[in-house]
Amino acid sequence: MEDWGEGQVAQVRDALTMRGVDPFADVAAVRGVVESVVDAGEGALTPEGREEQVRLLVSEVGGLGPLQPYLDDPSVEEIWVNAPSRVFVARDGAPELTTVILTDGQVRDLVERMLLHSGRRLDLSSPFVDATLRGGERLHVVIPPVAGRHWSVNIRKHVQRARTLSDLVEVSMVPSPIATFLAAAMTAGLSIIVSGATQAGKTTLLRALAGEIPRTRRVVSCEEVFELDLHNRDSVALQTRPGNLEGRGEVTLRDLVRESLRMRPECLIVGEVRGAEALDLLLALNAGVPGLATVHANAAREALGKLSLLPLLAGENVTSQFVVPTLASSIDLVCHVHRDSTGRRFLSEVIALPGRVEGARIEASQLWNFDGQLLHRGAGSIEDDGRFAAAGFDVGALLGAGLPITSVSVGGTIAGGRR
């Protein structure tokens, strides 16, 4: 900031310290102090100039300085810093270079402010960190020498705050027939894997599915950092913890999954499966606890292949002969989300697992396929409909039994076949 700005920042911080105000928690108090400091300053300001000066000071003292406008902008999905002069944002899935120019010192100061809330550390012994900001955004930072010359910073926002599948229908991410079927599947207690690439909308769909869990069921979620922000009536959220300077006290995702089974879960949610915790998740699901999880993959069937391999990381005594049939009998559905070249996200595929294995291949049948415009009903079906029937649902009606396989636009117009 300019010299006058540095002086006013110091005045505001001194005033907040004297009043015992947390600048990151009480925005109204920060604004009140800032306005008094600006009004007491030398020189007359136009109403527009005064408001701009107040905004800059509030962002500097109670926010993230030059990055704060992008955090406040609902159209911005992600912010990342490759170098002090290379600050990018993503809008609607498309990246753009901003005009923000920082210094190395400013980047370090901003990261320190971000980590203040999480209590997580970043130093040479731990050169990268995942954390959650006060607003729920996910922070990832990598520092030199791992990151090269400059600090690398990513802030991922959750622009789509959908709580139910109906919310995703409204934004055309999930077609209505699939949403109706998946809502029934959650009520019936099926276990679902959500697959997709980075930034495809896996967490968004997972959160919406969790919103369909009946209120009477107890939900336990396990995440590396808190992202889901579930609003279920009876729920407990757990997150991992890095080790201390001596390398002690680490709490891994495997630890959380194992501990969650002692907490009477009626639905277990794992934010993202990427390692040996896949084995613990499969064992929990195989024991009769319904669950949800996400996994990085390029297609629904590729997700099954990946989940067949990840449990093998748990130890040499874990074999494919055990994992593959266990996976086939533990997972009911795989939902794949896709982000196209325009940045639009949508649920592109739903497959069902009847529980059978042929050699090392898990049998799967396609229920739905969606390209963002046309919805195609696949030839697959749910062979064991006992849980649906017990929950009061007719699987045939949900899947459109007795109707020809059709392609339907999201607006409801029939492209082929009949209603």
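Every value quoted in this text rests on a predicted model; they were computed, and no experiment measured them.

**Focus: the overall build of the protein chain**
Along the backbone of the protein chain there are 14 helices and 19 strands. When its C-alpha atoms are laid out on the principal axes, the protein chain stretches across 80 × 55 × 40 Å. When burial is assessed residue by residue, the protein chain has 47% of its 419 residues classed as buried. In the protein chain, the proportion of contacts linking residues at least 24 apart, taken out of those at least 6 apart, comes to 55%.

**A short note on the confidence of the model for the protein chain**
Confidence in the prediction for the protein chain averages 86 pLDDT; 92% of positions are at 70 or higher. Predicted confidence for residues 407-419 stays below pLDDT 50, and this span has 26 contacts to residues more than four positions away or in other chains.

**Quick look at the environment of Arg86**
Among the structural elements, Arg86 can be located in strand 2 (residues 86-91). On the basis of relative accessible area, Arg86 is assigned to the partly exposed category, the value being 41%. For the pair Arg86 and Leu97, spaced 11 residues apart in the sequence, the C-alpha separation amounts to 6.9 Å. Sequence-distant contacts of Arg86, defined by excluding residues within four places in its chain, comprise Trp80, Val81 and Leu97.

**Describing the packing of aromatic side chains**
A complete count under the given rule lists 3 aromatic pairs for this structure. Each ring, one from Phe181 and one from Phe388, has its centre 5.8 Å from the other, and the planes form 20°; the classification is stacked. Taken as a pair, Phe181 in helix 7 (residues 176-188) and Phe388 in helix 13 (residues 386-390) lie far apart in primary sequence, 207 residues in all. Across the pair, exposure class does not vary: Phe181 and Phe388 are buried alike. Summarising the aromatic geometry, the rings of Phe346 and Phe370 are spaced 5.6 Å apart at their centres and angled 80° between planes, so their arrangement reads as edge-to-face. Pair noted here: Phe346 is in strand 13 (residues 345-352) and Phe370 is in strand 16 (residues 365-370), with a separation of 24 residues, a long-range link.

**Here we look at the sheet that holds strand 3 (residues 94-97)**
In space, the 6 strands of this open sheet follow the order 3-2-1-6-5-4, with antiparallel pairing throughout. The open sheet terminates on both sides in strands that have one partner only, identified here as strand 3 and strand 4 (128-132). Each strand axis lies, on average, 15° off the axis of its neighbour in the sheet, ignoring direction. Bridging between strand 5 (residues 138-142) and strand 6 (residues 152-156) involves 5 bridges; their strand directions are antiparallel. Note on strand 6: the bridge partner recorded for Arg138 is Arg156. Here helix 5 (residues 104-118) sits on the sheet and contacts strand 1 (76-83), strand 4, strand 5 and strand 6; the angle it forms with strand 4, its principal contact strand, is near 55°.

**A closer look at unusual backbone geometry**
Cis rather than trans, the peptide bond between Pro144 and Pro145 has omega equal to 5°. Mapped onto the elements, Pro145 comes out in the loop between strand 5 and strand 6. Although it is not a glycine, Arg264 sits at a positive phi angle of roughly 55°. Structurally, Arg264 is set in the loop between helix 9 (253-260) and strand 10 (267-270).

**Some words on the environment of Lys202**
Summarising the element assignment, Lys202 is placed in helix 8 (residues 202-210). Beyond its immediate stretch of four places on either side in the chain, Lys202 contacts Val194, Ser195, Gly196, Ala197, Thr294, Val295, His296 and Val337.

**Some points on the pattern of salt bridges**
Evaluated as defined, the whole model comprises 21 salt bridges. Here Arg254 and Asp280 are joined by a salt bridge, their closest N and O atoms 2.6 Å apart. Separated by 26 residues along the polypeptide, Arg254 in helix 9 and Asp280 in helix 10 (residues 277-286) bring together distant segments of the chain. Among the residues examined, Arg254 registers a relative accessible area of 22% and is labelled partly exposed. Between Asp255 and Arg258 there is a salt bridge, with its nearest N and O atoms 2.9 Å apart.

Reading guide: rules and limits
- Residues numbered from 1 in each chain as written.
- Predicted model: local features only at pLDDT ≥ 70, side-chain atom pairs only at ≥ 80, totals over all residues.
- Heavy atoms only, no water.
- Helix = DSSP H or I, 4+ residues; strand = E, 2+ residues; numbered from the N terminus.
- Buried < 20%, exposed > 50% of the residue type's maximum accessible area, 1.4 Å probe, protein only.
- Contact = heavy atoms within 4.5 Å.
- pLDDT = per-residue confidence, 0-100.
- Phe/Tyr/Trp six-rings, centres within 6.5 Å; stacked < 30°, edge-to-face > 60°.
- Pairing = 2+ DSSP bridges.
- Axes fitted to C-alpha atoms, helices over the stretch in contact; angles between N-to-C directions.
- Salt bridge = Lys/Arg side-chain N within 4 Å of Asp/Glu carboxyl O.

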